[in-house]
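If you want the building blocks of each chain, they are given just below.
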Amino acid sequence: MKELFPLKQVMGFVFSLVLTLVALLVYFLDMSFAAGMTVLLITAFLQAGLQLVVFMHAGETKDRGAIYTNIYYAVIIALATIFGTLLTLIWGYV
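Here the residue numbers are simple positions, counted from 1 along each chain's written sequence. With the structure being a predicted model, the display of local features is reserved for residues of pLDDT at least 70 and the display and counting of side-chain atom pairs for 80 or more, all residues being used for whole-chain, interface and lining totals. In computing side-chain properties, one takes all heavy atoms of the structure into account and sets aside hydrogens as well as water.

A. Local environment of a nonpolar patch on the surface. Exposure above 30% relative accessible area and the absence of a salt bridge qualify a residue for a patch, where like charges join within 9 Å and nonpolar side chains (Val, Leu, Ile, Met, Phe, Trp, Tyr) within 5 Å. Surface accessibility follows the Shrake-Rupley procedure with a 1.4 Å probe radius. Residue values consider only the protein chains on display as shielding. Within this document, salt bridges are pairs made up of a side-chain nitrogen of Lys or Arg and a carboxyl oxygen of Asp or Glu, the two lying within 4 Å of each other. A grouping of Phe-5, Leu-7, Val-10, Met-11, Phe-13, Val-14, Phe-15, Leu-17, Val-18, Val-22, Phe-55 and Met-56 is seen on the molecular surface, where their side chains present a nonpolar patch of about 1,100 Å² in accessible area. Labels follow the DSSP assignment, with helices taken as runs of H or I lasting at least four residues and strands as runs of E lasting at least two, numbered in each case from the N terminus. Tallying contributions element by element places helix H1 (residues 7–28) first for the nonpolar patch, with 9 residues. Note that Met-11 resides in helix H1.

Written as structure tokens, this is what we have:
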């Protein structure tokens, strides 16, 4: 019976709930902007990683190296786009 119980998924769900509660504490504890954004960014990235690994089964196939390489590439492209936009539109470098 123990091998039929999805312990990894249940623990992932519980950890997702904990991360959501931590994010809600930003509102209820009336944190400063900098502290609140720091907590929200950290919990958001942890939540995204947890969802990807536990619920989308990213590491359970034989080609997981290619999957993780594609994820790293997507993060690099996203960061380049975000910082390029900030550099051009907000910081005034053209």
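B. A look at the packing of aromatic side chains. Planes of paired rings set the category: under 30 degrees apart is stacked, over 60 is edge-to-face and the rest tilted, where pairs are Phe, Tyr or Trp rings (Trp by its six-membered ring) whose centres lie within 6.5 Å. Enumeration over the complete set of coordinates arrives at 1 aromatic pair. Arranged with centres 5.2 Å apart and planes meeting at 70°, the rings of Tyr-27 and Phe-28 form a pair that is edge-to-face. With relative accessibility at 65%, the residue Tyr-27 sits in the exposed group. Partly exposed residues are those whose accessible area sits between 20% and 50% of the maximum for their type, while under 20% is buried and over 50% is exposed, using a 1.4 Å probe and protein chains only.

C. View of H1. Under the convention used throughout, the expected extent of a helix is 1.5 Å for every residue step, that is, one less than its residue count. Its 22 residues place the ends of H1 31 Å apart at the C-alpha level, agreeing with the 32 Å of an ideal helix rising 1.5 Å per residue. Considered for burial, the residues of H1 that qualify are Gly-12, Ser-16, Leu-19 and Val-26. Down the axis of H1, the sector holding all buried residues measures 65°, keeping them to one side. Exposed side of H1, more than 90 degrees from the buried face: Leu-21 and Phe-28 are the residues found there. The inward-facing, buried residues of H1 contact helix H2 (33–55). Count one or two residues on from H1 and you reach Asp-30, which has phi positive near 50°. By construction, the arc corresponds to the directions joining the helix axis to the C-beta atoms. Here, residues are in contact when the closest pair of their heavy atoms is within 4.5 Å.

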